[in-house]
Amino acid sequence: MAARKSPAKKKTAVRSKTKGTPRVAILMGSANDWPIMQAAGDALDGLGIAWEAKVISAHRTPQRHHDYVTTAEDRGIEAFICGAGMAAHLAGVTAALTHLPVLGVPLPGSAVDGMDALLATVQMPGGIPVATFAIGKAGAKNAGLFAGAMLAGGDAKVRKAVIGFREKQTAGVPESPA
Ligand code: AIR
């Protein structure tokens, strides 16, 4: 008898190399943002912090956004990193839905190369803060490192990893340009 094919399981998130319950949620407005937002995940993995990444658009999937953010704390999420381009409302609306810290990464790719996303992310009205990072990959990387610095206060292992990362980075800078 031919083996019955089990229905393909729909992939709903990318998970960290680091094992364990995700502590940081990396959200992005489009799957096209992943090549940049992956830098946040790499930085967190480098510090041994488990994360998960999902495509959630404040505009295209508002219900998915609401459901994910409002249940995240109960699942162990301690911070959000939100990357979006163009009229980037993802970080701001996420911050409106949770008291957890929200780190915003404006993404390039628009006619004005991310300046729209930068202003949309950074110009939050008083009362709903979003910590905003540089446009693009450097911002995604720094958001991951910053989340590590936040978690380091209550986690000796992460603190050691954050300090170790800095020491290694400093040691790796050559004195001569060639
Ligand atoms: N975006 C998606 N929904 C809301 C916003 N702001 C952003 C994505 C992406 C850009 O729109 O974050 O950077 C273009 O998306 P796409 O899917 O057309 O490539």
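For the structure, see preceding data.
To start, this report covers the structure provided alongside it. (Residues numbered from 1 in each chain as written. Predicted model: local features only at pLDDT ≥ 70, side-chain atom pairs only at ≥ 80, totals over all residues.)

## Digging into the overall build of the protein chain
Going by this rule: Labels follow the DSSP assignment, with helices taken as runs of H or I lasting at least four residues and strands as runs of E lasting at least two, numbered in each case from the N terminus. Computation of the radius of gyration draws on C-alpha atoms, with the globule rule given as 2.2 Å multiplied by the number of residues to the power 0.38. Burial in this document is a count-based property: other C-beta atoms within 10 Å of a residue's C-beta are tallied, and the residue is buried at 20 or more, exposed at 12 or fewer, or partly exposed in between, with C-beta positions derived from the backbone. A pair of residues counts as a contact when their C-beta atoms, built from backbone coordinates, are separated by no more than 7 Å.
Helix and strand counts for the protein chain stand at six helices and six strands. In the protein chain, the order of α-helices and β-strands from amino to carboxyl end is β-β-α-β-α-β-α-β-α-β-α-α. In summary, the protein chain has a C-alpha radius of gyration of 17 Å against a globular reference of 16 Å for 178 residues, a match within 12%. Once the C-alpha set of the protein chain is aligned to its principal axes, its extents read approximately 65 × 45 × 35 Å. The burial tally for the protein chain puts 40% of its 178 residues in the buried class. Excluding contacts between residues fewer than 6 apart, the proportion of contacts in the protein chain whose partners are at least 24 apart in sequence is 70%.

## Brief notes about the pairing of strand 4 (residues 79–85)
Selection rule: Strand pairing is assigned whenever DSSP detects at least two bridges linking the two strands.
Within strand 4, seven of the seven residues are buried, which leaves it mostly tucked inside the rest of the structure. Of the two faces of strand 4, the one holding Ala79, Ile81, Gly83 and Gly85 and the one holding Phe80, Cys82 and Ala84 are both buried throughout. Bridge count between strand 2 (residues 24–28) and strand 4: five bridges; the pairing is parallel. Its bridge partner lying in strand 4, Met28 is registered against Gly83.

## Brief notes about the site of the ligand
The condition is simple: By definition, a residue lies near a molecule or strand provided its backbone-derived C-beta atom is within 6 Å of it. Throughout, the ten residues Ala, Val, Leu, Ile, Met, Phe, Trp, Tyr, Cys and Pro are labelled nonpolar, Asp, Glu, Lys and Arg are labelled charged, and all others, Gly among them, are labelled polar.
Gly29, Ser30, Ser57, Ala84 and Gly85 are the nearest of the 16 residues found near the ligand. Taken together, the residues of the shell around the ligand break down into seven nonpolar, seven polar and two charged.

## Looking at the packing of helix 1 (residues 34–46) against helix 5 (residues 137–152)
We count it as follows: Here an angle of 0 to 180 degrees is reported between the N-to-C directions of two axes, which are lines fitted to C-alpha atoms, with helices fitted over the stretch in contact. Here the word oblique covers every angle except those under 35 degrees (roughly parallel), over 145 (roughly antiparallel) and from 65 to 115 (roughly perpendicular). Each crossing is labelled by how the near helix is turned from the far one, with a counterclockwise turn of less than a right angle marking it left-handed and a clockwise turn marking it right-handed.
Where helix 1 contacts helix 5, the two axes come as close as 7 Å, and the packing angle between them is 30°. In terms of axis orientation, helix 1 runs roughly parallel to helix 5. As helix 1 packs across helix 5, the resulting crossing turns out to be right-handed. Residue-level inspection shows Ile36, Met37, Ala39, Ala40, Gly41, Ala43 and Leu44 of helix 1 in contact with helix 5, the latter providing Lys137, Ala140, Lys141, Ala143, Gly144, Leu145, Ala147 and Gly148. In terms of residue class, the contact of helix 1 with helix 5 is made up of 10 nonpolar, three polar and two charged.

## A closer look at helix 5
Using the following cut-off: How far a helix is expected to stretch is found by multiplying one less than its residue total by 1.5 Å.
With 16 residues, helix 5 extends 23 Å between its outermost C-alpha atoms, agreeing within 8% with the 22 Å of an ideal straight helix rising 1.5 Å per residue. Listing the buried residues of helix 5 in full gives Gly139, Ala140, Lys141, Ala143, Gly144, Leu145, Phe146, Ala147, Gly148 and Leu151. Tucked into the core, helix 5 has its buried residues touching strand 2, helix 1, strand 4, strand 5 (102–107), strand 6 (131–132) and helix 6 (156–171).

## Some thoughts on the sheet that holds strand 3 (residues 51–55)
With mixed pairing, the six strands of this open sheet are ordered in space as 1-3-2-4-5-6. Because the sheet does not close on itself, it has two edges, and the strands there are strand 1 (14–15) and strand 6. When strand 2 meets strand 3, the two strands line up parallel, connected through five bridges. Residue Ala25 lies in a different strand from strand 3, and its bridge partner there is Glu52. Running at roughly 150° to strand 4, helix 3 (residues 90–97) makes contact with strand 2, strand 4 and strand 5 of the sheet.

## Focus on the pairing of strand 2
Counted only if it meets this: Orient the strands so they point away from the viewer, and a crossover whose first-strand-to-second-strand path over the helix runs clockwise is right-handed.
The element strand 2 is largely enclosed, with a buried count of five among its five residues. For the segment spanning strand 2, helix 1 and strand 3, crossover handedness is right-handed.

## Digging into the packing of helix 2 (residues 62–72) against helix 3
The relative placement of two packed helices comes down to the angle between their axes together with the axis-to-axis distance. Here helix 2 crosses helix 3 at 50°, and the two axes come no closer than 9 Å. On the basis of their axis angle, the class for helix 2 and helix 3 is oblique. You can see that helix 2 and helix 3 cross each other, and the crossing is right-handed. Of helix 3, the residues touching helix 2 (which contributes His65, His66, Val69 and Thr70) are Val93, Thr94 and Leu97. Tallied by class, the residues present in the contact of helix 2 with helix 3 amount to three nonpolar, four polar and no charged.

By themselves, these are just geometric observations and shouldn't be taken as functional.
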